Amino acid sequence: MYQPIEPSFFQLPTLELAKKLLGKFIIHDQPTGKLIGKIVETEAYMGPKDKAAHSYQNRKTKRTKVMFEDAGHVYTYQMHTHTLINIVAGPVGVPHAILIRAIEPIAGIEQMQKNRGLHAKGVNLTNGPGKLTKALNITMEYYGHHWAKKPLYIAKGIAPEHIICGPRVGIHNSEEATLYPWRFFEQDNPFVSKFR
DNA sequence: TTTAAGATGCCC
DNA sequence: GGCATCTTAAAC
């Protein structure tokens, strides 16, 4: 318990992995203790044929290159004032990634509250991809890290009873890819982000 | 070197 | 609905 999952876990087909990640724990070891959240919402991005993905048509740049590594690496990027975090999926050379969109706080909640500031109450602590990275103190320095290694790692958790899928959030100019049902979340969990 | 746009969140 | 404010990529 609370130990990094075996690296082979990430070698599932991308959509399968996106579903299996629901209920897993994401853990960040800090000097002040462990910050732990349960993943309740994910989104898959499959570069080669996904117009909404940064790696569409295998575009390889400084930003997207980590997605060409083997599954389990950390892909971080900046969105306006926020850091968003992904799990690289697919075999070497196939630039897939899974965005972690929301978590439910499990341990270290007081520290998460401090990291977020006073305005974040209740579900607003971690119900969005930019919010959870701030709560967990995740920054761009984890670009290229591996999710099976401390101090930032995935651990076994609690599989959800019911999983819902639907269109991804915040995709507007990607034509047919706009409606791909590649968003997965735990039914009735209050920390799932709002659709826009 | 300059400029535009973005897988968001907070405030008005 | 506006705007903050950072990284990247593609235009000059």
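The residue count restarts for each chain, going from 1 along the sequence in the order it is written. Written order decides the labels, with chains lettered from A and ligands numbered from 1. For a predicted model such as this one, the threshold for reporting local features is a pLDDT of at least 70, and the threshold for listing and counting side-chain atom pairs is 80 or more; totals across whole chains, interfaces and linings nevertheless cover every residue. The side-chain quantities take in all heavy atoms of the structure and omit both hydrogens and water.

**Things to note about the layout of surface pockets**
Rules: Whether a set of points on the 1 Å grid over the protein atoms alone is a cavity depends on a 1.4 Å probe fitting there but being unable to get out, while an open set qualifies as a pocket with protein on both sides within 12 Å along at least five of seven lines; lining residues are those with an atom within 4 Å of a point. Grid points are joined across faces, edges and corners, and a volume is the space filled by probe spheres set on the points. Numbering of helices and strands starts at the N terminus; helices are DSSP runs of H or I of at least 4 residues and strands are runs of E of at least 2. In the scheme used here, Gly and all other residues not listed as nonpolar or charged are polar, with Ala, Val, Leu, Ile, Met, Phe, Trp, Tyr, Cys and Pro taken as nonpolar and Asp, Glu, Lys and Arg as charged.
Estimates place the volume of the largest pocket at around 840 Å³. Put simply, the parts of the chain that give the lining of the largest pocket at least two residues each are strand S3 (74–79), strand S4 (82–89), strand S5 (96–107) and helix H3 (129–135). Split into classes, the residues belonging to the lining of the largest pocket amount to 13 nonpolar, 12 polar and four charged.

**Things to note about the protein's contact with DNA strand B**
Heads up, the rule is: A cutoff of 4 Å decides nearness: a residue is near a molecule or strand if any of its heavy atoms lies inside that distance of it. Residues adjacent in sequence count toward polar contacts only when both atoms are side-chain atoms; beyond that, a polar contact is any pair of N or O atoms within 3.5 Å, and within protein one must be able to donate a hydrogen and the other to accept it.
With respect to spatial proximity, 22 residues lie near DNA strand B, and among them His54, Tyr77, Asn86, Arg116 and Gly130 are the closest. For DNA strand B, the fraction of protein-proximal atoms (within 4 Å) that sit in sugar or phosphate groups is 52%. Within the contact set of DNA strand B, a phosphate oxygen lies 2.8 Å away from a side-chain nitrogen or oxygen of His54. In this structure, Gly130 approaches DNA strand B through a main-chain N or O atom, which is 2.8 Å from a phosphate oxygen.

**Remarks on the protein's contact with DNA strand C**
Taken together, the neighbourhood of DNA strand C is formed by Arg59, Thr61, Lys62, Arg63, Gln78, His80 and Thr81. Here a phosphate oxygen of DNA strand C sits 2.6 Å away from a polar atom, N or O, in the side chain of Arg59.

**Notes on the pairing of S4**
Stated formally: Burial here depends on accessible area, computed with a 1.4 Å probe over protein chains only, as a share of the maximum for the residue type. Under 20% is buried, over 50% is exposed, and the range in between is partly exposed. For two strands to be treated as a pair, DSSP must find no fewer than two bridges joining them.
When you tally the buried positions in S4, you get seven out of eight residues, the bulk of the element. Where S3 lies against S4, six bridges are found, and the strand directions are antiparallel. When the sheet's bridge partners are listed, Met79 is paired in S4 with His82. Counting the residues between successive antiparallel strands, the hairpin from S3 to S4 contains two residues, one of them, His80, with a positive phi of roughly 50°. Pairing of S4 with S5, which is carried by four bridges, proceeds in the antiparallel orientation. Residue pairing for S5: Asn86 is matched across the bridge by Leu99. Where S4 folds back on S5, the antiparallel hairpin that results is connected by six residues, among which Gly90 adopts a positive phi of roughly 80°.

**What to know about the pattern of salt bridges**
How we decide: Note on definitions: salt bridges are taken to be side-chain nitrogens of Lys or Arg within 4 Å of carboxyl oxygens of Asp or Glu.
Tallied over the entire structure, the rule returns 10 salt bridges. Of the charged contacts, one joins Glu16 and Lys20 as a salt bridge, the two residues approaching to 3.6 Å between their closest N and O atoms. Residue Glu16 and its partner Lys20 are both found in helix H1 (residues 14–20); the two are separated by four residues, about one turn of the helix. Overall, Lys20 belongs to the partly exposed group, its relative accessible area being 39%. We note a salt bridge from Glu41 to Arg101, for which the minimum N-O separation is 3.1 Å. Residue Glu41 is located in strand S2 (residues 33–46), and its partner Arg101 is located in strand S5; the two are separated by 60 residues in the primary sequence. Like Glu41, the residue Arg101 is buried in the burial classification.

**Describing the packing of aromatic side chains**
Our working rule: Pairing of aromatic side chains requires ring centres within 6.5 Å, counting the rings of Phe and Tyr and the six-membered ring of Trp. Pairs whose planes differ by under 30 degrees are stacked, by over 60 edge-to-face, and all others tilted. Think of it as a cone above the ring: NZ of Lys or CZ of Arg counts as a charge over the ring if it is within 6 Å of the ring centre and within 35 degrees of the ring normal.
The full count for this structure, using the stated rule, is five aromatic pairs. Among the aromatic residues, those joined into a ring-pair cluster are Tyr75, Tyr77 and Tyr143. The ring centre of Tyr77 lies 5.9 Å from the NZ or CZ of Arg63, which sits over that ring. Lying across the ring of Tyr45, Arg168 places its NZ or CZ 4.5 Å from the centre.

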